[in-house]
Amino acid sequence: MIFLIKYCCGFLTQRLNKVSLLYVMCFFFSSWSGVAQEADIELRTNHQNNVDPVRVKKVHGRNLKSKKLIVYSALPEHTIKKIKSKGQKVTRLGKGYLRLPPGFDPIDELLAWNEITYIGYESYIAKTEAVVLDMNLNANGFNVMKQEFPELSGSSQHISVQELRFSDEDIDLLGRTIYPEESDPRTDDHATQMATIIGGAGNSLISGLGVLPEVTLVSSGFDEPTPDQNSYYEDFDIQVQNHSYGTAIESFYGAFAQLFDISANENPDLLHVFSSGNSGQGVAEDGVYADLSGYANLTGNYKMSKNALVVGAVDTVGRTNVFVSNGPAYDGRVKPEVVAYSIFGSSNSAAMTSGLAGALQEKYQNDHGVPASSSLIKSAIITAADDAGSPGLDHRTGYGSIDAAGSMRIISKAQFLEDQLEVGAEDRFEINVPEGAVNLKVTLVWNDLAAEAGVDRALVNDLDLRVAQEDGAVTLPWVLNTGASMEALSAPAIRGEDHLNNVEQVTISDPQGPITIHVSGNSLVGEQSYALTYEWELVDTFEWRYPRVNDFMPFNGESDGYFRWNSTYSTNAGELSVSYDRGNTWQVLNTEVDLDQGLWRWTSPDTVTIALARMRFDDQFFETDPFVIGPITQPSVGFDCGDSSLLQWPKAEAATSYQLFELMGNALEPFAEVSDTLFVINDQEINSGIYAVRPILGDGKPALRSGAFELDRLSIGCYFNSFFSEVLPDEGVGLILQLGSTYEVDQVVFERLEEDQFQQLAQQDEVLNFTNVVDTTPGQGLNRYRAGIVFKDGRTLYTDTIATYFLTEKKVLAFPNPIHQGEDLNVFTRVFQDGDSPVFELMDAQGKVHIKWSIVLESESIPLGELPPGLYFYRVSGLGSDVGGRIVVR
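Described in the following lines is the structure provided in the data block. Bear in mind the structure is a predicted one, so any value in this text is a computation, not a measurement. (Residues numbered from 1 in each chain as written. Predicted model: local features only at pLDDT ≥ 70, side-chain atom pairs only at ≥ 80, totals over all residues. Heavy atoms only, no water.)

### With respect to the overall build of the protein
Condition: Numbering of helices and strands starts at the N terminus; helices are DSSP runs of H or I of at least 4 residues and strands are runs of E of at least 2. Throughout, radius of gyration means the C-alpha value; the globule benchmark is 2.2 Å times the number of residues raised to the power 0.38. Buried, partly exposed and exposed residues are distinguished by accessible area as a fraction of the type maximum, computed with a 1.4 Å probe on protein chains only: under 20%, between the cut-offs, and over 50%, respectively. When checking whether two residues touch, look at their non-hydrogen atoms; a contact exists if any pair is within 4.5 Å. Here the accessible surface of atoms and residues is derived via Shrake-Rupley with a 1.4 Å probe, and residues count as covered only by protein chains that are part of the display. By the counting rule applied here, Lys and Arg register as positive and Asp and Glu as negative, while His and the ends of each chain are not counted. All charge positions are set by atom: Lys at NZ, Arg at CZ, Asp at CG, Glu at CD.
A tally of regular secondary structure across the protein gives 13 helices and 55 strands. By the compact-globule yardstick of 29 Å for 890 residues, the protein is too spread out, its C-alpha radius of gyration being 37 Å. Burial status across the protein gives 56% buried among its 890 residues. Restricting to contacts in the protein with at least 6 residues of sequence separation, those with at least 24 account for 71%. Carbon together with sulfur atoms contributes 48% to the accessible area of the protein, which is approximately 37,000 Å² in total. Across the protein, the 64 positively charged side chains and the 121 negatively charged ones have centroids separated by 7 Å.

See the structure below:
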């Protein structure tokens, strides 16, 4: 009876969500029954197919180094009093959870307290799981999604990033950041990178363009890995929250996992997206999979949440990385469910997937006027995922690598079903697949009730999926071996009943319609909402995935690129060619491209132009859209002369003009278009001072825009980049001038100071950015030079004067001579070599040494201080022979 009252209260509270009266009633009954029967209370049974009569209470996570002691009490007030009576502090975490000091002693007392049903040491110290911004949206089909659904920019969406604060000054996030009271006050580059992947505007560079460039980003706290208050999600209208962090490897369903499952049920349109972790070579220290290498090393027990989406990482071609954490969850459930591209860590993959979830929400809300359930969004992401890693479902890559375009097509075509299943009922749905359909996928997802912390198996409501074809053949979902060995966990998936996961998927390679989908309840506690999504391909189709019409090759103008395609033809090999003249002539790149591979790596030419590619097989040709190849434009500042500045950039071979941009408000806006490769900006016309340049090719097709640059930071002065000299012992003094620009320059001149006047040494009528001349007759000792540029209108602009010491006739030169009292005496030693230990001494006429100075450089400045005026003598020893002379001090 006690168990029934408590369980019903817990269930109704979750289902009805924040009905205060119900909470009061439940608290009253549970408190009354607990106090009356405290001596006899037993732990609740877990809700599985095979229910154990009593679950043995144990301590979870004992071996964790960074941990906090957390307990769940059915009578929290009663427990708090007992703990305080022992002189210990206790902190409420909500929903019956209490945090105790790590040194609470003895732990055996907690095990004996009947009202405590969970004891766990859980890691609190969260750390980010990537360090480098690693952006390539094309590997997961975002380029296709953006082309087919250009209206989806995220302008109506709010996505939360739970970690340290992202920067509101980053030019890719300007004007779209919110920092509530819950947000962490500390700003962090990692958080800024995650926000950029989700919603960067692309102002800085192409790699700063995120999934949703107009989304509003809301910061959250980072002190502990727990969900925010429901009011936070409601107040800021958040349906997606990104969690790109990890704690320690924890292989149990703890308090944090339960809290995230509760959060998902109390906010049914909220999807929590977690990174799987970057501890792929670590091992769990407890649980069924303890000490098992390469598996079950997700970083944080909150990633054991059933209702969250956990995301791993693969490289550009879909291979797993050894440092990325793998599943299964502690009880054998499939985690991660999906993976996405990143070579630096699962943080980036999670952020990319959060952006996709936001885009799917935006599409659904545009079409239906209300938010989609998180189960539907999760199902659409899983259904469209492309197989990665080992063939089929596996414990490293889950259901595969996300396909943004595929998921969006599912939502756009309404290839989904949502319903509620009652106890003892079975739902049936019929879908018509067209003739020639292949590779049918059906995915069932539901937000399961939160299990009790510490249970051996987390599933509460067990739904079952099966798919029947026209001929009566029934197909069951894919299931994985969950045995505690590497052999078992690496075994391929088989078809069977799944009583472990709240995600089930059926695939049929050659479906015969109509198709009937059956959803039944193997074990239910009350009604259960669920979502179904499905997709198929058509036989003998070929689709270019990259490059598409708005794409660049390589995508960032720097690295190599991959041609990508989908093909359902039975042919295995094709011929790949490229054309640079709109298809008039073709250059064969490879005659035996593996079509099943779906990609081929290409190093494009180092030039900017428009290209086409085509695949040929079975006497058929499949051409790409016209796309742009070539490196990114690199602008520079030719001069900054106070009243004006010159922007310049290298010529792009196929460019007909160049578009100039300046940051205006929150976005780069075009303000001029020129046919030349330079542009003069008057100072009074400068706004933000942040610019970019983009070549425009034939038919108005834009090439990659340059990175944004700040004029002041690239400024090199008025025309002159550098002017310096070098001593050439057998020739004289070499003078080297580098100009930032030759714009309107007619001549370059070099001059030497002689008797307080500059005399011309050389004149160059051919004006180049780099100019070298040699002064073959420099004076012994100090020489002073300057360079100048003569403009076409007759004006001359000079560099600052530089000084060079030249000695070929003397070993030592001391100057100035005469010298004024208080000045520094310059001593230059021509034959000084490393390892020498010369010493300078300055004496008066009576032989008294006033200054003794160890020389360590060829040129030394020796302070004379308040040396009285008069005649002095110097001597430099240690150069093979002593060298001396006279100095007059005035």
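Once you've had a look at it, read on.
### Considerations on the packing of aromatic side chains
This is how the line gets drawn: Pairing of aromatic side chains here covers Phe, Tyr and the six-membered ring of Trp, requires ring centres within 6.5 Å, and sorts the geometry by plane angle: under 30 degrees stacked, over 60 edge-to-face, intermediate tilted. Note on geometry: a ring has a charge over it if NZ (lysine) or CZ (arginine) is within 6 Å of the ring centre and within 35 degrees of the ring normal.
Counted under the stated rule, the structure contains 32 aromatic pairs. Relative to F627, the ring of F563 has its centre 6.3 Å away and its plane inclined at 80°; by these criteria the two rings are edge-to-face. Pair noted here: F563 is in strand β27 (residues 561-567) and F627 is in strand β33 (residues 627-629), with a separation of 64 residues, a long-range link. Through successive ring pairs, a cluster of aromatic residues spans F542, W544, F563, W565, Y569, W602, F617, F622 and F627. Geometry around W586 places R614 over its ring, the cationic atom sitting 4.4 Å from the centre. Here R786 stacks its cationic end above the ring of F758, 4.1 Å away from the centre of that ring.

### A short note on the environment of N550
Within the secondary structure, N550 sits in the loop between β25 (542-546) and β26 (552-553). The exposure class of N550 is exposed, given its relative accessible area of 56%. Residues N550 and F627 lie 77 residues apart in sequence; the distance between their C-alpha atoms is 6.7 Å.

### Points about the sheet that holds strand β12 (residues 271-275)
The test is simple: In this scheme, strands are said to pair when DSSP sees at least two bridges between them.
Pairing is parallel across the open sheet formed by seven strands, whose spatial order is β8-β9-β7-β10-β12-β13-β14. Of all the strands in the sheet, just β8 (177-178) and β14 (338-341) have a single pairing partner and so form its edges. In this sheet, strand β9 (residues 216-220) lies alongside β8 in parallel orientation, the contact comprising two bridges. Looking across to β9, one finds that I178 is bridged to V218.

### So, the sheet that holds strand β49 (residues 812-815)
Applicable threshold: The convention used is that axes are lines fitted to C-alpha atoms, helices contributing only their stretch in contact, and that angles between N-to-C directions extend from 0 to 180 degrees.
Pairing is antiparallel in the open sheet, where three strands are placed in the order β49-β50-β53. Looking at the sheet topology across the chains shown, the edges are occupied by β49 and β53 (859-863). Between one strand axis and the next, the sheet turns through 20° on average, direction left out of account. Alignment of strand β50 (residues 824-829) against β53, held across five bridges, turns out to be antiparallel. From the neighbouring strand, L825 faces β53, where its bridge partner is I862.

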